[in-house]
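# Close look at the chain arrangement
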Amino acid sequence: MKIFSGSSNKPLAKKIGKAFGQKLSPLEIYIFSDGERRVRVEEHIVGAEAVIVQSTSTPVDQNYMELFFIADAVQRSGAKSTTAVVPYLGYQRQDHIFRDGEAVSLEVVVKTLEAVGINWLIAFDLHSIKIPEVFKIPVSHLSALPLFADEIERRGWHTKDTVLVSPDMGGIRRIRILSELLGGMPYASIEKQRDLSTGKVEALGIEGSVARRAIMVDDMISSGSTMVKAAEFLREKGVEELHVFATHPVFSAEAPKLLQESLIKDVYVTDTVYIPLDKYFPKLTVLSVAGTIARAIENKRPQKINFK
Ligand code: R5P
């Protein structure tokens, strides 16, 4: 097996390599002055299984193009199979038509990933459980929830005065799975409304009861508004202690500042998306998904999580 990394998340790729006791295979990614990229495999890989690690986070389009070129390069170099480890799959939220006239961007991306010859995709905490069905190739849909459950237990937060909260109704399945992993912890879900043209978020109500401590769980934090609004809403409902767990630290716009200055006590994310130093903030803790990915590659099957 040969492990290649695109430019988006080399630290994670190196950790995955380390789990297999191997270094990343050399890859030249040359950037021309106009921004175009030239990708070249610098090793003999005929007959090898190629694994490409590339998160398609910001800059999304650039990271996708790089992934497409690496996939093409490894096949032209004789790889017998091409696995793409895309811990964060860009455009996953654009998986259907919300308003007339829109593109289904995810479908375009999926077709391209398949067209460049990728034959197995490994991704993390996809926005919807239906996304793997859009692909014709096998998709291992892994989850950070077991990592979150371990951390919650380690912190001693799986107690009676704690409730798991999804900041929107779409996350109810996620919160149920986490509750099961934690022996049936109580959970609740906030009714969120987002204005599709301004992006403004509002918390309208809650299904379920709150407790003294709330642990909010989501697939990703982008602008941070969902979490911050949910925290304000929960505080109004009497929650005293607020913690956040989210798989993908997309951290667009002012998210780090917003979260640091919010009512939230601490924020746990994973390394599915590389966080540059200037986006770190004191309340942040990063858990690694490298072990989970390495195990999935080794076992050639997804971890045992019932996503249905
Ligand atoms: C939306 O449905 C997702 O699960 C997240 O809640 C959302 O993408 C977070 O975005 P933001 O941080 O910009 O509110």
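## So, the nonpolar core
Counting 33 residues, the largest nonpolar core has Phe 148, Ile 152, Leu 164, Leu 178, Val 217, Phe 245 and Ile 293 as the members making the most contacts within it. Elements that contribute at least two residues to this core include exactly α1 (10–19), β4 (49–53), β6 (120–124), α5 (145–154), α6 (172–181), β11 (213–221) and α9 (290–299). Counting residues domain by domain, this core receives three or more from each of domain 1 (2–143 + 291–300) and domain 2 (145–287). Those residues within four positions of Leu 164 in sequence are excluded, and the remaining contacts are Ile 152, Ile 175, Leu 178, Ser 179, Leu 182, Met 185, Pro 186, Tyr 187, Ala 188 and Ile 215.

## Some words on the pairing of strand β8 (residues 162–166)
For β8, a buried count of five out of five residues is recorded, marking the element as mostly surrounded by other parts of the structure. Neither face of β8 is open: one carries Thr 162, Leu 164 and Ser 166, the other Val 163 and Val 165, and all of them are buried. Relative to β11, β8 is paired through four bridges, and the arrangement is parallel. Paired with Thr 162 across the strands is Arg 213, a residue of β11. Here β8 pairs with strand β9 (residues 187–194) via three bridges, running parallel. Its bridge partner lying in β9, Val 165 is registered against Ala 188.

## Here we look at the sheet that holds strand β12 (residues 241–249)
Taking strand neighbours across the sheet as the criterion, the seven strands line up as β10-β9-β8-β11-β12-β13-β14 in an open arrangement whose pairing is mixed. Edge positions in the sheet fall to β10 (201–207) and β14 (284–287), since each has one partner strand and no second. Recorded for the sheet is a direction-independent mean angle of 25 degrees between the axes of neighbouring strands. Judged from the eight bridges that link them, β11 and β12 form a sheet pairing that is parallel. The residue of β12 that forms the bridge with Val 217 is Phe 245. Docked against the sheet, α5 engages β8, β11, β12, β13 (266–270) and β14, running at close to 155 degrees with respect to β12.

## Quick notes on the site of the ligand
Inspection of the region around the ligand gives 14 residues, with Asp 218, Asp 219, Ser 222, Ser 223 and Thr 226 positioned closest. Here Asp 219 contributes a side-chain N or O atom positioned 2.6 Å from an oxygen atom of the ligand. At 2.8 Å from an oxygen atom of the ligand is found a main-chain nitrogen or oxygen belonging to Gly 224. Protein burial of the ligand: of its 380 Å² of free accessible surface, 90% is covered by the chains. A total of four residues in the shell around the ligand trace back to one element, the largest contributor, which is β11. Residues belonging to the shell around the ligand are distributed by class as follows: two nonpolar, six polar and six charged.

## Examining the pairing of β10
Looking down a regular strand, the side chains alternate between one sheet face and the other. Bridge count between β9 and β10: six bridges; the pairing is antiparallel. Across the sheet, Ile 190 pairs through a bridge with Ile 206, a residue of β10. Counted between consecutive antiparallel strands, the loop separating β9 from β10 contains six residues, among which Gly 199 sits at a positive phi close to 80 degrees.

## Digging into the domain arrangement of the chain
You can read the domains of the chain as domain 1 (2–143 + 291–300) and domain 2 (145–287). With centres defined by C-alpha atoms, the gap from domain 1 to domain 2 works out at 27 Å. Taken together, the 19 residues of domain 1 in the interface contact 16 residues of domain 2. Both faces considered, domain 1 and domain 2 share a buried interface measuring about 1500 Å² in area, 55% of it formed by carbon and sulfur atoms. Together, Tyr 88, Asp 125 and Ser 143 form the three largest contributors to the area buried by domain 1 at its contact with domain 2, with a combined 30%. At the surface where domain 1 touches domain 2, the tally comes to one salt bridge. Asp 271 is the partner of Lys 15 in a salt bridge, and the nearest nitrogen-oxygen pair spans 3.6 Å. It is α1 that provides the largest number of residues to the side of domain 1 that touches domain 2, a total of three residues. A per-class count over the side of domain 1 that touches domain 2 returns eight nonpolar, seven polar and four charged.

Reading the values: rules and limits
- Residues numbered from 1 in each chain as written.
- Predicted model: local features only at pLDDT ≥ 70, side-chain atom pairs only at ≥ 80, totals over all residues.
- Heavy atoms only, no water.
- Core = buried A, V, L, I, M, F, W, Y, C linked by side-chain atoms within 4.5 Å.
- Buried < 20%, exposed > 50% of the residue type's maximum accessible area, 1.4 Å probe, protein only.
- Helix = DSSP H or I, 4+ residues; strand = E, 2+ residues; numbered from the N terminus.
- Domains from an automatic or database assignment.
- Contact = heavy atoms within 4.5 Å.
- Pairing = 2+ DSSP bridges.
- Axes fitted to C-alpha atoms, helices over the stretch in contact; angles between N-to-C directions.
- Near = heavy atom within 4 Å.
- Polar contact = N/O pair within 3.5 Å; in protein donor to acceptor, adjacent residues only side chain to side chain.
- Areas by Shrake-Rupley, 256 points an atom, 1.4 Å probe, with all protein chains shown as cover.
- Nonpolar A, V, L, I, M, F, W, Y, C, P; charged D, E, K, R; others polar.
- Buried area = accessible area lost by both parts, 1.4 Å probe.
- Salt bridge = Lys/Arg side-chain N within 4 Å of Asp/Glu carboxyl O.

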